[in-house]
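Commentary on secondary and tertiary structure
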Amino acid sequence: MVEKVKTMNDDRLLSELTLGAINEEATRAHIVHGDNSMMGFKYSASDRLSILMEEVGEVAREINDARLGRRPADKDKLVIELIQVAAMAATWVEFLDGVIPNLG
Ligand SMILES: [Mg+2]
């Protein structure tokens, strides 16, 4: 568990580590998929929801596999998939807000 260090000027709830991981994943996905990423202009809202739900399904798969295998869910897998869920959701927001990625 990442311990949040809180300062007087920082009342944000999410750690820089988590926010950074979400940003890295969104950037990675955009570099890999280009115009076919969630930042592209090809997708309808239904398409975007399908992509987001695919990632949510991968979280569910790990939880289900763990339950069926009578083992704890793999924390690292859950973190990866949950970061992907967050990245897809955040990227959708950025698309709606008209933010264009600056990939240098
Ligand atoms: Mg995934």
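The structure this text deals with has already been given above.
Here is a short report on the structure shown in this document. Residues take numbers from 1 onward in each chain, read along the sequence in its written order. Totals for whole chains, interfaces and linings use all residues, but because this is a predicted model, local features are given only for residues with pLDDT of at least 70 and pairs of side-chain atoms are given and counted only at 80 or more.

Each pair of packed helices can be described by the angle between their axes along with the distance between the axes. Here an axis means a line fitted to C-alpha atoms, over the contact stretch when the element is a helix, while the angle between two N-to-C directions is reported on a 0 to 180 degree scale. Secondary structure elements are taken from DSSP: a helix is a run of H or I of four residues or more, a strand is a run of E of two residues or more, and numbering for both begins at the N terminus. Orientation of helix H2 (residues 45–68) relative to helix H3 (residues 75–96), taken along the N-to-C sense of each, is 165°, at an axis distance of 9 Å. In terms of orientation, H2 lies roughly antiparallel with respect to H3. Every pair of crossing elements has a handedness; the one defined by H2 and H3 is left-handed. Of the residues in H3, those touching H2 at Arg 48, Ile 51, Leu 52, Glu 55, Val 56, Glu 58, Val 59 and Glu 62 are Lys 77, Leu 78, Glu 81, Leu 82, Gln 84, Val 85, Met 88, Ala 89 and Trp 92. Here the residues of the contact of H2 with H3 are counted per class, giving 10 nonpolar, one polar and six charged. Relative orientations are named as follows: roughly parallel for angles under 35 degrees, roughly antiparallel for angles over 145 degrees, roughly perpendicular for angles from 65 to 115 degrees, and oblique for any other angle. For any helix crossing, the convention is left-handed if the near helix is rotated counterclockwise from the far helix by under a right angle, and right-handed if that rotation is clockwise. Contacts here follow a simple rule: the backbone-placed C-beta atoms of the two residues must lie within 7 Å. In this count, Pro and Cys sit with the nonpolar residues alongside Ala, Val, Leu, Ile, Met, Phe, Trp and Tyr, while Asp, Glu, Lys and Arg are called charged and the others, Gly among them, polar.

The next thing to look at is the nonpolar core. Core analysis: the largest hydrophobic core is formed by nine residues, namely Ile 22, Ala 26, Met 38, Met 39, Ile 51, Val 85, Ala 86, Ala 87 and Met 88. Listing elements by their share of this core, those giving two or more residues are helix H1 (16–33) and H3. Examining the composition of this core, we find that four residues originate from one element, H3, more than from any other. Contacts of Val 85, omitting those with residues within four sequence positions, involve Leu 52, Glu 55, Val 56 and Val 59. Think of a nonpolar core as buried Ala, Val, Leu, Ile, Met, Phe, Trp, Tyr and Cys residues, each tied to the set through C-beta atoms within 7 Å. Neighbour counting defines burial: a residue surrounded by 20 or more other C-beta atoms within 10 Å of its own C-beta is buried, one with 12 or fewer is exposed, and intermediate counts give partly exposed, using backbone-placed C-beta atoms.

Another aspect to go through is H2. A helix is expected to span 1.5 Å for every residue after the first. A rise of 1.5 Å per residue sets the reference length of H2, with its 24 residues, at 34 Å; its end C-alpha atoms lie 34 Å apart and thus fit the reference within 8%. Looking at the residues trailing H2, positive phi occurs at Arg 70, about 50°.

Next up on the list: unusual backbone geometry. Phi is positive for Arg 70, close to 50°, though the residue is something other than glycine. By the element assignment, Arg 70 lies in the loop between H2 and H3. Judged by C-beta crowding, with 6 C-beta atoms within 10 Å, Arg 70 ranks as exposed.

So, about H1. Taking 1.5 Å per residue, 18 residues should reach 26 Å; H1 reaches 25 Å between its end C-alpha atoms and fits that length. Considered for burial, the residues of H1 that qualify are Ile 22, Glu 25, Ala 26 and His 30. The buried residues of H1 occupy one face: seen down the axis, they fall within an arc of 130°. Exposed residues lying more than 90 degrees from the buried face of H1 are Glu 16, Leu 17, Gly 20, Glu 24, Ile 31 and Val 32. For H1, the elements touching its buried residues are H3. Positioned one or two residues after H1, Gly 34 has a phi angle of 55°, which is positive. This arc is built from the directions going out from the helix axis to the C-beta atoms.

Let us now look at the environment of Ser 37. As for its placement among the helices and strands, Ser 37 is situated in the loop between H1 and H2. A tally of 21 C-beta atoms within 10 Å means that Ser 37 is categorised as buried. For Ser 37, the residues in contact, after removing those within four places along its chain, are Ala 29 and His 30.

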